[in-house]
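Below, each chain spelled out in residue letters.
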Amino acid sequence: KQAALEIEDKIKALLQSPLGGSQDVQSILNLLGRDYALSTQSTHRKGGLIGLAAATLGLGSEAHRWLPHLLPPVLSCFTDQDSRVR
C-alpha cells in the first residue's frame, strides 16, 4: 500500500515538473507493465496491477493520454490463471 502511494505521488510530481517528465512517466508505466504485470510470478503480476492503478490515479485527468501503456498489461491479466490477479 505504501509503495502504491509513493508511485502515485511520483507520477503527480513528474507531471507537475517544469520539464514535463513525460519520458519518466512512460518509463515507470513500462516498468510496471512489462516487468511486473506481465511477469511469470503471480505475486509480481498482482503488484504490477496495483502499481498501474496507483500510477493511473497519479495521472488524473491525463490518464487518457497514457492508455496505450496502461491497457495491454491490464487486459492480459483478465485471463490470468490466478484468481487473485484476475
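Residues numbered from 1 in each chain as written. Predicted model: local features only at pLDDT ≥ 70, side-chain atom pairs only at ≥ 80, totals over all residues. Heavy atoms only, no water.

1. Digging into helix α2 (residues 22-37)
Okay, so step 1: Over its 16 residues, α2 extends 21 Å from the first C-alpha to the last, a length consistent with the 22 Å expected when each residue adds 1.5 Å.
Okay, so step 2: Residues of α2 that are buried: Val25, Leu29, Leu32, Gly33 and Ala37. The arc that holds the buried residues of α2, viewed along the axis, is 90°, so those residues lie on one side. The outward face of α2, more than 90 degrees from its buried face, is lined by the exposed residues Gln23 and Arg34.
Okay, so step 3: Tucked into the core, α2 has its buried residues touching α1 (2-16), α3 (42-59) and α4 (67-76). (Helix = DSSP H or I, 4+ residues; strand = E, 2+ residues; numbered from the N terminus. Expected span 1.5 Å × (residues − 1). Buried < 20%, exposed > 50% of the residue type's maximum accessible area, 1.4 Å probe, protein only. Arc of directions from axis to C-beta. Contact = heavy atoms within 4.5 Å.)

2. Concerning the side chain of Ser39
Okay, so step 1: Relative to the elements of secondary structure, Ser39 occurs in the loop between α2 and α3.
Okay, so step 2: In this structure the side chain of Ser39 is engaged in a polar contact, spanning 3.0 Å, whose partner is the backbone nitrogen of Gln41.
Okay, so step 3: Beyond its immediate stretch of four places on either side in the chain, Ser39 contacts Arg34, His44 and Arg45. (Polar contact = N/O pair within 3.5 Å; in protein donor to acceptor, adjacent residues only side chain to side chain.)

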